[in-house]
Amino acid sequence: MEILVWTLILAAGIALLVKGADWFVCGASELAGKLGIPPLVVGLTVVAMGTSLPEAAVSISAVMKGNAAITIGNVVGSNILNILIILGLSAAVTTLAVKTNTVKYELPFLTGTSILLLIQGLDGSIGFADGMVLVILFGLYLCYLFIPVKKKGGADGTGAVTQRSGKTWKVILLCISGLAMTVAGSGLAVDAACAIAERLGMSERFIGLTIVALGTSLPELVTSVTAAKKGKPDIAIGNIVGSNIFNILFVVGISSLIRPVAFAEGFRFDSAVSAAAALLLIVFCAGRKKLRRWHGAAMLLGYVLYFGAIV
């Protein structure tokens, strides 16, 4: 009976996380439009990072509560899920065209950051200095996103900005409410996940890699699969790549600045799988710059094999 209660609390926490992140992204996008920020910049930053807000909230909350295994497990588990499950499902729905810049720059950068995380964790923890490196790389990544857009003068190259009609106070209230729901949901999710792990004899690593990772990846899942069905591959792929980079550089970076994050030996395997999944994307996309349905099937099979290895 107690397990059922904690499961319901976990579900409620994840629901708050997902809805809160959705409200925050909508509010932040609207507010950015009112402030004159080009729509393309909003899409590259607010929306992509907004879908990773649940991971950030859960991971930072977990490290503050001393549950570091959930912090790393959530980030690495979400990154593996994002590529093998979410992009796998998206590619299975329809063939996804991939931009040349994504294959040449973003995917190698994602692979490199995944390998860097593995190297940083070889000594058993991600410390303050490691966190500083990750945060600095995140700043450089933002520069990479912003500078080309600034040179073009906006989303359409003319500097035009979409006008927003909502009242400013309502938009600000939506942002605050979304952020509050995300924070509250993260606290519930972490507490419930730890309680379930303890009562079922499961490790925090396993819970973080599976249940929590899946729950916090729901925004990416909905966004990418919907985008694929609507014939918008840039959103489907860009959302995943951007979110994975954000998860490693910002989420782990900020978490380790607050408190050293323990990196258990088991996470070496998980981090290696995360890096291999990113490398697999490069291999699949390098030729014709497309993710085909058989690629999607291969990625889904890859996750089944990975899950079998950690059970």
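In this text, all values refer to a predicted model and were calculated from it rather than measured experimentally.

Draft legend 1. Spotlight on the overall build of the protein. On a plain count of helices and strands, the protein comes out with 12 helices and four strands. The buried share of the protein, reckoned over its 311 residues, is 48%. Sequence separation of at least 24 residues holds for 85% of the intrachain contacts in the protein that already meet a minimum separation of 6.

Draft legend 2. Examining the pattern of salt bridges more closely. All told, the structure shown has two salt bridges when counted by the stated rule. Where arginine 199 meets glutamate 2, a salt bridge forms, and the shortest distance between an N and an O atom there is 2.9 Å. Of this pair, arginine 199 sits in helix α7 (residues 168–200) while glutamate 2 sits in helix α1 (residues 2–34), and the two are 197 residues apart along the sequence. What makes arginine 199 partly exposed here is its relative accessible area of 36%. Its salt-bridge partner being lysine 65, residue aspartate 191 comes within 2.9 Å of it at the nearest N-O pair. Pair noted here: aspartate 191 is in helix α7 and lysine 65 is in the loop between α3 (53–64) and α4 (68–93), with a separation of 126 residues, a long-range link.

Draft legend 3. Region of interest: the packing of aromatic side chains. A complete count under the given rule lists 11 aromatic pairs for this structure. An angle of 50° between the planes, with centres 6.3 Å apart, marks the rings of phenylalanine 206 and phenylalanine 307 as tilted. Of the two residues, phenylalanine 206 is situated in helix α8 (residues 204–216) and phenylalanine 307 in helix α12 (residues 293–310); the sequence distance between them amounts to 101 residues. The class for phenylalanine 206 is buried, based on a relative accessible area of 17%.

Draft legend 4. View of α4. The terminal C-alpha atoms of α4, which comprises 26 residues, lie 36 Å apart, in line with the 38 Å expected from a rise of 1.5 Å per residue. A bend of about 35° at asparagine 82 is the largest found in α4. Counting buried residues along α4, 22 of its 26 residues qualify, which places the element largely inside the surrounding structure.

Draft legend 5. The arrangement of the nonpolar core in detail. Core analysis: the biggest nonpolar cluster contains 54 residues, and Ile72, Ile83, Leu87, Leu291 and Met299 have the highest contact counts within it. Every element with two or more residues in this core is listed here: α3, α4, α5 (100–120), α6 (128–152), α8, α10 (233–258), α11 (266–286) and α12. Sort the elements by how many residues they give to this core and α4 lands first, with 12 residues. Those residues in contact with isoleucine 83, other than ones at most four positions away along the chain, are Gly88, Leu110, Ile240, Asn244, Ala277, Ala278, Leu281 and Met299.

Draft legend 6. Representation of the environment of glutamate 265 within the structure. Considering the arrangement of structural elements, one finds glutamate 265 in the loop between β3 (261–262) and α11. Remark: the alpha-carbon pair of glutamate 265 and serine 125, spanning 140 residues in sequence, is separated by 9.8 Å.

Draft legend 7. Summary view of unusual backbone geometry. Phi is positive for lysine 289, which is not a glycine, with a value near 55°. Mapped onto the secondary structure, lysine 289 falls in the loop between α11 and β4 (290–291). For lysine 289, a relative accessible area of 26% puts it in the partly exposed group.

Draft legend 8. α8, seen in detail. When the terminal C-alpha atoms of α8 are compared, their 16 Å separation across 13 residues is substantially less than the 18 Å that a helix rising 1.5 Å per residue should span. All of the buried residues along α8 are Phe206, Ile207, Gly208, Leu209, Thr210, Val212, Ala213, Gly215 and Thr216.

Draft legend 9. Fine view of the packing of α4 against α11. Where α4 contacts α11, the axes come no closer than 10 Å and their chain directions differ by 30°. By the criterion of interaxial angle, the relationship of α4 to α11 is roughly parallel. Handedness of the crossing formed by α4 with α11: left-handed. Together, Ala69, Ile72, Gly73, Val76, Asn79, Ile80, Ile83, Leu84 and Leu87 of α4 and Phe267, Asp270, Ser271, Val273, Ser274, Ala277, Ala278 and Leu281 of α11 make up the contact between the two elements.

Draft legend 10. Focus on the side chain of glutamate 106. By the element assignment, glutamate 106 lies in helix α5. Buried and unpaired, glutamate 106 has no salt bridge, with lysine 99 as the nearest side chain of opposite charge at 8.6 Å. What glutamate 106 contacts, discounting residues up to four positions off in sequence, is Asn101, Tyr144, Val241 and Ile245.

Draft legend 11. Main features of the side chain of serine 256. When you line up the elements, serine 256 lands in helix α10. Since its relative accessible area comes to 1%, serine 256 is described here as buried. Separated by 2.9 Å, the side chain of serine 256 and the backbone oxygen of glycine 253 make a polar contact. In contact with serine 256, other than residues within four places in its own chain, are Ile126, Gly127, Phe128, Gly131 and Val261.

Criteria and cut-off values
- Residues numbered from 1 in each chain as written.
- Predicted model: local features only at pLDDT ≥ 70, side-chain atom pairs only at ≥ 80, totals over all residues.
- Heavy atoms only, no water.
- Helix = DSSP H or I, 4+ residues; strand = E, 2+ residues; numbered from the N terminus.
- Buried < 20%, exposed > 50% of the residue type's maximum accessible area, 1.4 Å probe, protein only.
- Contact = heavy atoms within 4.5 Å.
- Salt bridge = Lys/Arg side-chain N within 4 Å of Asp/Glu carboxyl O.
- Phe/Tyr/Trp six-rings, centres within 6.5 Å; stacked < 30°, edge-to-face > 60°.
- Expected span 1.5 Å × (residues − 1).
- Bend = angle between axes of the 7 residues up to and from the residue.
- Core = buried A, V, L, I, M, F, W, Y, C linked by side-chain atoms within 4.5 Å.
- Axes fitted to C-alpha atoms, helices over the stretch in contact; angles between N-to-C directions.
- Parallel < 35°, antiparallel > 145°, perpendicular 65-115°, else oblique.
- Left-handed = near helix turned anticlockwise from the far one by under 90°.
- Lys, Arg positive; Asp, Glu negative; His and termini not counted.
- Polar contact = N/O pair within 3.5 Å; in protein donor to acceptor, adjacent residues only side chain to side chain.

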